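In case you want the letters, here they are:
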Amino acid sequence: MASGPGLPDSLVLEIFWHLPHKAVLSAGFTCRQWFAVSRDEFLWKELFYNYYCIPRSVPRHPAAVSWYREFKRLYDCIPCVEVQTLKEHHDQVLHLAFSHRGHRFSSCSKDCTVKLWDTERSDGNISLVHSTSMRQFNWGYTQFSQFNADDTLLLVSGVYLGPHHSSSGEIAVISLENYTLLSRVRNKPYDVFGCWLNETHLISGNLHWIGNMTSCSVLWLNKAFQDIESENVNVVKRLFKIQNINASTIRTVMVAHCRRHDSPDLLLDYEAQSQAQALAQAQRTQQHQPLFFDLGNTDSEEEDDEHDEDEEDEKRGEKRVSAHLPLCNPSGIQHVIHGHHSVATHDRELETKVARLMGSRRTKAPDPNLVSPTAPGEGEDKTYLLFTTGSLTYSPHQIGIKRIMPDQMTTCGPVLGEERSTDEFFDSLDHVIDIHGHIIGMGLSPDHRYLYVNSRAWPAGCVISDPMCPPPIAEEIDLHVIDLKSLREERRSLRAHRAFTPNDECFFIFLDVSRDFVASGAEDKHGYIWDRHYNICLARLKHDDVVNSVAFSPADQELLLSASDDSTIKVWRSPRMVRLAEALQRPPRARKLLSSLFGHRSANLNGKP
């Protein structure tokens, strides 16, 4: 073939169009001409759309250099190769969290330990650094952890077993310098989890029942070093006090530091895709559209002492549910469920109406300027407190948003609501987004602009007449994307993962977001990875039981962890990283020989002898 006339480029290209991408790459090493044709942009554009089944109206990622490299990114840089299985936990592993530098991560488990792991060993393997058991503090299990901004402290949240099996939780702060316990904070209900506001202050919750269907959630700001400073300065300050109706409560708090978003890590609002999906989106809008409520007219009642509240819980016969991380049984919910059978529907409706009426007169008026869509060119940074809540039923179906002002980010200053007038018992929510389904997970993008929400949808057009009987939930999990700049839901939902537990046993499934990908666990014994730009599922990560949590390394999104009920943590790396690691492990002579062979092939492709 080398001695005769070669095929014209157009004919070679036509042949390559009918080959799979691996065959195209192999054929490209035949000669210089075929190599040049095998890198043709139009060819790889066709291969890209055909292989990944992406609508042609979806443009290439704005940061992509070429169609070939974009194909390679999705094919070769997904952390889908299992390289290590960590088996140091002895029960279900519930949550994983990376440090901000990515050099450590923590894991929480039903074995009531929080473990710290090192990701920077020279051999590339992950090793256990430290393990702390919280059983000595009467915890049932650890369920959540989070590093503070400078990676010096670790927040650990767990279920606290009180003397009468109260379902309260507790938050512990551990120093990462010497692994000493710095403080412990009560957290109720325990699926509030808690979170860091800044390097030294964390947010916790408390719940007080006012009636059968009405309660009050209080969110507290706590200083991490309470034992050291509590005699000299304020270490606790009440942030917000919010009334709940229809047996709902505030849960799963997180903080979003929404910067100006001059360079967002994802561009959602491109015109081509929105036009291509206009018809389908219009059909979905008829069934379900995110609703925005002004909850300025919410609920009220005075706050009880925490000790009195615990006693009241004991009188109600609270029982901790054994299912891991149930969302639907907060503190006092057993009492509410019992009331469902003993209190007439009319009485419950009357209680809700009275609570709304009292709340409308005893709630601090909302400021519409605190939370509003960011105008073009607006440069103000905003800090939002995000949490799951509800207004129609006890299952969490709404995202509540409350802006935290600069003077509220420290425990100094007025405490216990001294800045309020005497008739303003409660704070209104600044913004609410209704998801129309049971929320089972939330995660923020690295730039804090986008909130990803796992939910199990309610039937279209369903009407909730009894708050204690929420609609049945779908087995498919929808992954919604909410733009915190425009305060609206963007795009279509991602869907591939599944969950099977009913409403009253539904539990939290943690998700995580990197620059390019989003990952989530599922009850079908797999974790899932999607591309954030193209909205396609790229990988399924197999376990032997429910996958509760996933976590990307913030330093390298080609490293992913998954935690499961099978008591293991699996470490996943991209095919590219696996090849690089294998190349480094080869003997020096083999590496030198390999590099010389590649160099010789490269020289041939460039027409050199």
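Residues numbered from 1 in each chain as written. Predicted model: local features only at pLDDT ≥ 70, side-chain atom pairs only at ≥ 80, totals over all residues. Heavy atoms only, no water.

Observations regarding the overall build of the protein chain
Quick reminder of the rule: In DSSP terms, a helix is any run of H or I states spanning at least four residues, a strand is any run of E spanning at least two, and both are numbered starting from the N terminus. In what follows, a contact means two residues having at least one pair of non-hydrogen atoms within 4.5 Å. Here the accessible surface of atoms and residues is derived via Shrake-Rupley with a 1.4 Å probe, and residues count as covered only by protein chains that are part of the display.
Broken down by element type, the protein chain carries 13 helices and 31 strands. Put simply, of all contacts in the protein chain between residues at least 6 apart along the chain, 63% involve residues at least 24 apart. Of the roughly 26,500 Å² that the protein chain leaves accessible, carbon and sulfur atoms contribute 52%.

Thoughts on the nonpolar core
Test applied: Put simply, buried Ala, Val, Leu, Ile, Met, Phe, Trp, Tyr and Cys residues joined by side-chain atoms within 4.5 Å make one nonpolar core. Under the scheme applied here, a residue whose accessible area is under 20% of the maximum for its type counts as buried, over 50% as exposed, and between as partly exposed, the area being computed with a 1.4 Å probe on protein chains only. An automatic or database domain assignment is the source of the domain bounds shown.
With 32 residues, the main nonpolar core has F16, F48, I54, I529 and L560 as its most contacted residues. When residues of this core are traced back to their parent elements, those giving at least two are helix 1 (9–17), helix 2 (21–27), helix 3 (32–38), helix 4 (41–52), helix 5 (67–76), strand 26 (517–520), strand 28 (536–542) and strand 29 (547–553). For this core, the element with the highest residue contribution is helix 4, accounting for six residues. Residue-level mapping places this core at the junction of two domains, with at least three residues from each of domain 1 (9–77) and domain 2 (81–264 + 364–585). If we ignore the near neighbours within four places in the chain, the residues touching L560 are P79, A519, I529, L541, V550, A551, F552, K570, V571 and W572.

Describing unusual backbone geometry
The general pattern is negative phi for most residues beyond glycine and trans for most peptide bonds. Residues K188 and P189 are joined by a peptide bond in cis, for which omega reads -5°. Assignment of secondary structure puts P189 in the loop between strand 9 (181–187) and strand 10 (195–196). In this structure, C53 is a non-glycine residue whose phi angle is positive, near 55°. The backbone of T252 sits at a positive phi, close to 50°, despite the residue not being glycine. Examined against the element boundaries, T252 turns out to sit in strand 14 (residues 251–258).

Here's the deal with a nonpolar patch on the surface
Cut-off, in case you're wondering: Each patch is assembled from residues with relative accessible area greater than 30% and no salt bridge, linking like charges that lie within 9 Å and nonpolar side chains (Val, Leu, Ile, Met, Phe, Trp, Tyr) that lie within 5 Å. Note on definitions: salt bridges are taken to be side-chain nitrogens of Lys or Arg within 4 Å of carboxyl oxygens of Asp or Glu.
Residues L7, L11 and I15 make up a contiguous nonpolar surface patch of about 220 Å² in total accessible area. On the secondary structure map, L7 appears in the segment before helix 1.

Side note on the packing of helix 4 against helix 5
Just so we agree on the cut-off: A fitted line through C-alpha atoms represents every axis, and for helices the fit uses only the stretch in contact; the resulting angles, taken between N-to-C directions, go from 0 to 180 degrees. In this scheme, roughly parallel covers angles under 35 degrees and roughly antiparallel covers those over 145, while 65 to 115 is roughly perpendicular and the rest are oblique. Each residue is assigned to one class: nonpolar for Ala, Val, Leu, Ile, Met, Phe, Trp, Tyr, Cys and Pro, charged for Asp, Glu, Lys and Arg, and polar for all the others, Gly among them.
Relative orientation of the contacting elements helix 4 and helix 5 amounts to 30°, with a least axis distance of 8 Å. The orientation of helix 4 with respect to helix 5, classified from their angle, is roughly parallel. Packed against helix 4, whose contacting residues are E41, W44, K45, L47, F48, Y49, Y51 and Y52, the element helix 5 presents W67, Y68, E70, F71, L74 and Y75 at the interface. When the residues that make up the contact of helix 4 with helix 5 are grouped by side-chain class, the tally is eleven nonpolar, no polar and three charged.

Concerning the environment of K570
We apply this condition: Two N or O atoms form a polar contact when they lie within 3.5 Å of each other; inside protein one atom must be a possible hydrogen donor and the other a possible acceptor, and for residues adjacent in sequence the pair counts only when both atoms belong to side chains.
Residue placement: K570 occurs in strand 31 (residues 569–573). K570 sits in the buried class, given a relative accessible area of 11%. In the structure, K570 is positioned 20 residues away from V550 in sequence and 9.5 Å away in space, judged by C-alpha atoms. Setting aside residues up to four positions removed in sequence, K570 forms contacts with E82, Q84, T85, K542, H543, L560, L561 and S562. Within the structure, K570 has its side chain in polar contact with the side chain of E82 (distance 3.5 Å). Of note is the side chain of K570, whose polar atom sits 2.9 Å from the backbone oxygen of K542.

Observations concerning the pattern of salt bridges
Under the defined criterion, the tally for this structure stands at 18 salt bridges. Put simply, R184 and E170 hold a salt bridge, and the shortest N to O gap is 3.0 Å. A residue pair is termed long-range when its members are at least 10 positions apart, and R184 in strand 9 and E170 in strand 8 (residues 169–175) qualify at 14 residues. Note on R184: relative accessible area 35%, which makes it partly exposed.

Section: the sheet that holds strand 25 (residues 511–513)
The condition is simple: Two strands pair under a simple rule: DSSP has to find at least two bridges between them.
The four strands lie next to each other as 25-26-27-28, forming an open sheet whose pairing is antiparallel. On the outer flanks of this sheet lie strand 25 and strand 28, each paired with one strand and no other. The mean inter-strand angle of the sheet, taken between neighbouring strand axes irrespective of direction, is 15°. Where strand 27 (residues 526–531) lies against strand 28, six bridges are found, and the strand directions are antiparallel. Looking at strand 28, one finds that H526 is bridged to K542.

Some points on the UniProt feature "repeat: WD" (unreviewed entry) in the protein chain
The condition is simple: UniProt positions are given in the numbering used here, feature names are shortened, and annotations may be inferred rather than shown by experiment.
Mapped onto the present numbering, the UniProt feature "repeat: WD" (unreviewed entry) falls on residues 86–127 and 540–572. Counting secondary structure, residues 540–572 comes out at 0% helix and 70% strand; the distance between its end C-alpha atoms is 11 Å.

Points about the sheet that holds strand 10
Read from one edge to the other, the open sheet built from four strands follows the order 10-11-12-13, with strand pairing classed as antiparallel. In the strand order of this sheet, the two ends are held by strand 10 and strand 13 (236–244), each with one partner.

A look at the packing of helix 1 against helix 4
The packing of two helices is summarised by the inter-axis angle and the distance between the axes. Axis separation between helix 1 and helix 4 bottoms out at 10 Å; the angle between their running directions is 10°. Relative to helix 4, helix 1 is oriented roughly parallel. Facing helix 1, whose interface residues are L13, F16 and W17, helix 4 presents F42, L43 and E46. Class assignment for the residues of the contact of helix 1 with helix 4 results in five nonpolar, no polar and one charged.

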